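Chain and residue survey
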Amino acid sequence: QVQLVESGGGLVQAGGSLRLSCVASGRTFSSYTMGWFRQAPGKERKFVATISRSGGSTYYADSVKGRFTISKDNAKNTVYLQMNSLKPEDTAVYYCAAALYGSLYSSSWSEYDYWGQGTQVTVSS
């Protein structure tokens, strides 16, 4: 069982930056592929980024590639999402998720076993 708690969301102007954090409970954090997803009002939840169990490999949606960076600290049971050059279309609730049997390319929400409560990111133009 894993519990995930996100933080770091907020309101930022276009072109600005935010760093989201997701702290996981439990002693097996390094056993999970970790991912970030986002959901805008009235739209489906979409994949943003994943990071491998070791933290050595990452994978991004085309829409955020080059602007967002996912990282993790297994000693702190924490995964991060650094978001730079933010755009109004990045506005959404951002969720972190853990997949016990996922791979680096697990981009479907159905592959994830545990979810955080979400944190709101709003980018103004």
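What this report covers is the structure whose coordinates are included nearby.

Parameters at a glance
- Residues numbered from 1 in each chain as written.
- Predicted model: local features only at pLDDT ≥ 70, side-chain atom pairs only at ≥ 80, totals over all residues.
- Heavy atoms only, no water.
- Helix = DSSP H or I, 4+ residues; strand = E, 2+ residues; numbered from the N terminus.
- Contact = heavy atoms within 4.5 Å.
- Areas by Shrake-Rupley, 256 points an atom, 1.4 Å probe, with all protein chains shown as cover.
- Salt bridge = Lys/Arg side-chain N within 4 Å of Asp/Glu carboxyl O.
- Buried < 20%, exposed > 50% of the residue type's maximum accessible area, 1.4 Å probe, protein only.
- Phe/Tyr/Trp six-rings, centres within 6.5 Å; stacked < 30°, edge-to-face > 60°.
- Lys NZ or Arg CZ within 6 Å of the ring centre and 35° of its normal.
- Pairing = 2+ DSSP bridges.
- Axes fitted to C-alpha atoms, helices over the stretch in contact; angles between N-to-C directions.
- Polar contact = N/O pair within 3.5 Å; in protein donor to acceptor, adjacent residues only side chain to side chain.

Looking now at the overall build of the protein chain. A tally of helices and strands in the protein chain yields zero helices and 11 strands. Mapped from its N terminus to its C terminus, the protein chain presents α and β elements in the order β-β-β-β-β-β-β-β-β-β-β. If you line up the protein chain on its principal axes, its C-alpha atoms span 40 × 25 × 25 Å. Look at the contacts in the protein chain between residues 6 or more apart in sequence, and 59% of them connect residues 24 or more apart. By element, 47% of the accessible surface of the protein chain is carried by carbon and sulfur atoms, the whole surface being about 6,300 Å².

The subject of this paragraph is the pattern of salt bridges. Per the stated rule, a full pass over the model turns up three salt bridges. Its salt-bridge partner being R38, residue D90 comes within 2.9 Å of it at the nearest N-O pair. Of the two residues, D90 is situated in the loop between β8 (78-83) and β9 (92-99) and R38 in strand β4 (residues 33-39); the sequence distance between them amounts to 52 residues. For the pair D90 and R38, one class covers both residues: buried. In this structure, the salt-bridge partner of D62 is K65, at a minimum N-O distance of 3.1 Å. The class of D62 is exposed, set by a relative accessible area of 66%. Put simply, R38, R67 and D90 are held in one network by salt bridges that share partners.

Once that is clear, we can look at the packing of aromatic side chains. According to the stated counting rule, one finds eight aromatic pairs in the structure shown. Three or more aromatic residues joined by ring pairs make a cluster, and in this case those are F37, F47, Y59, Y95, Y105, Y112 and W115. Note that R45 overlies the ring of Y95, its terminal NZ or CZ placed 3.8 Å from the centroid. If you follow K72 out to its NZ or CZ, it ends over the ring of F29, 4.6 Å from the centre.

Turning next to the sheet that holds strand β7 (residues 68-73). Taken together, four strands build an open sheet; the order of strands is β1-β3-β8-β7 and the sheet is antiparallel. If you trace the sheet from one side to the other, it starts and ends with β1 (4-7) and β7, each paired once. Put simply, the sheet's adjacent strands are angled 15 degrees from each other on average, direction ignored. The pairing of strand β3 (residues 18-24) with β8 spans six bridges and is classified as antiparallel. What sits directly across from L18, in β8, is M83.

Considering the arrangement of structural elements, one finds T33 in strand β4. A polar side-chain atom of T33 sits 3.3 Å from a polar atom in the side chain of R53. Within polar-contact distance, the side chain of T33 engages the backbone oxygen of G102 at 3.1 Å. Setting aside residues no more than four positions away along its own chain, T33 makes contact with I51, R53, A97, A98, A99, G102, S103 and Y112.

Geometric values such as these leave the question of function open.
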